[in-house]
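# Structural overview for review
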Amino acid sequence: TSALIKLQGDAQRAKTRGDRLRRLAENQLAQCHGELSDAAARADVAGEQLRKVKQQHGRQLRSLRAVTGDLQQEVDEHLNFIETSTEELGCLYIEEQDLERSQSRHEEQEHLLEEQAVALRVEVDNLQEQVVGKEAEWRAACARLTAIEDDCMMETQANTQDEME
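Residues numbered from 1 in each chain as written. Predicted model: local features only at pLDDT ≥ 70, side-chain atom pairs only at ≥ 80, totals over all residues. Heavy atoms only, no water.

## Describing the overall build of the chain
Condition: Numbering goes from the N terminus for both helices and strands, where a helix is a DSSP run of H or I of at least four residues and a strand is a run of E of at least two. Here the accessible surface of atoms and residues is derived via Shrake-Rupley with a 1.4 Å probe, and residues count as covered only by protein chains that are part of the display. Counted as positive: Lys and Arg. Counted as negative: Asp and Glu. His and the chain ends are not counted at all. Working definition for charges: the position is that of NZ of Lys, CZ of Arg, CG of Asp or CD of Glu.
On a plain count of helices and strands, the chain comes out with one helix and zero strands. In terms of overall dimensions, the chain has C-alpha extents of about 230 × 25 × 15 Å along its principal axes. Accessible area for the chain stands at about 15000 Å²; split by element, carbon and sulfur atoms hold 58% of it. Side chains of the chain give 20 positive and 35 negative charges; the mean places of these two sets differ by 52 Å.

## Observations regarding the state of the cysteines
Basically, it comes down to this: In this description, a disulfide is simply a cysteine sulfur pair whose atoms lie within 2.5 Å. A 1.4 Å probe rolled over the protein chains alone gives each residue an accessible area, and that area as a share of the maximum for its type sets the label: buried under 20%, exposed over 50%, partly exposed in between.
Under the defined criterion, the tally for this structure stands at zero disulfides. With no disulfide partner, cysteine 142 has as its closest neighbouring cysteine sulfur the one in cysteine 152, 16 Å distant. Classification of cysteine 142 by relative accessible area gives partly exposed; the value is 28%.

## What about the pattern of salt bridges?
Stated precisely, the cut-off is as follows: We define a salt bridge as a contact between a side-chain nitrogen of Lys or Arg and a carboxyl oxygen of Asp or Glu at a distance within 4 Å.
With the rule as written, the count across this model stands at five salt bridges. For the salt bridge of glutamate 26 with arginine 22, the shortest nitrogen-to-oxygen distance reads 3.1 Å. Of this pair, glutamate 26 and arginine 22 both sit in helix 1 (residues 2–164), four residues apart, which is roughly one turn of the helix. A salt bridge links aspartate 98 to arginine 101; its shortest N-O distance comes to 2.3 Å. Of this pair, aspartate 98 and arginine 101 are both found in helix 1, three residues apart, which corresponds to roughly one turn of the helix. Overlapping salt bridges bring together Asp19, Arg22 and Glu26 as one network.

## Details of a nonpolar patch on the surface
Note the threshold: Only residues above 30% relative accessible area that lack a salt bridge enter a patch, with like-charged residues linked at up to 9 Å and the nonpolar side chains Val, Leu, Ile, Met, Phe, Trp and Tyr linked at up to 5 Å.
On the surface, a nonpolar cluster with roughly 370 Å² of combined accessible area is contributed by Val75, Leu79, Phe81 and Ile82. As for its placement among the helices and strands, isoleucine 82 is situated in helix 1. Judged by its relative accessible area of 38%, isoleucine 82 falls in the partly exposed class.

## A look at a negative patch on the surface
A cluster of like negative charges, contributed by Glu107, Glu108, Glu110, Glu114 and Glu115, occupies part of the molecular surface. Relative to the elements of secondary structure, glutamate 114 occurs in helix 1. Relative accessible area serves as the criterion here: at 43%, glutamate 114 is assigned to the partly exposed category.

In structure tokens:
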């Protein structure tokens, strides 16, 4: 009986210890359920925040792509303008060289024309001197002719009066 009482006491202690361990395990399980529930709630909140952040980032990305697209278009237009300007600049450079050559030719022609004009002025001066000389000769010849005509007339009148007498 003493052994039975001892066994019953051991059983009672084991049962008490088992109950205490079960209550501790249940409390720990309840605490884990509470923590799991809190973690799930926080995960739901974080998921909702993540969804909102993804939506916001999506909107920002679309906006950024629109701006980037516009900027890319501006960059492309600017590059096309630069390319066109470079081509036009090359054409203008060639045109400038042509104009410089043309100007050089015109300056040479102008110089030649000036030399010809000087030579022609000298020739005109010589011809004017010759004209003045020829006019003087002509006047002298006219004066001699008039003198000869006057002499002839006088002779003719003298001859005519001689014949009349």
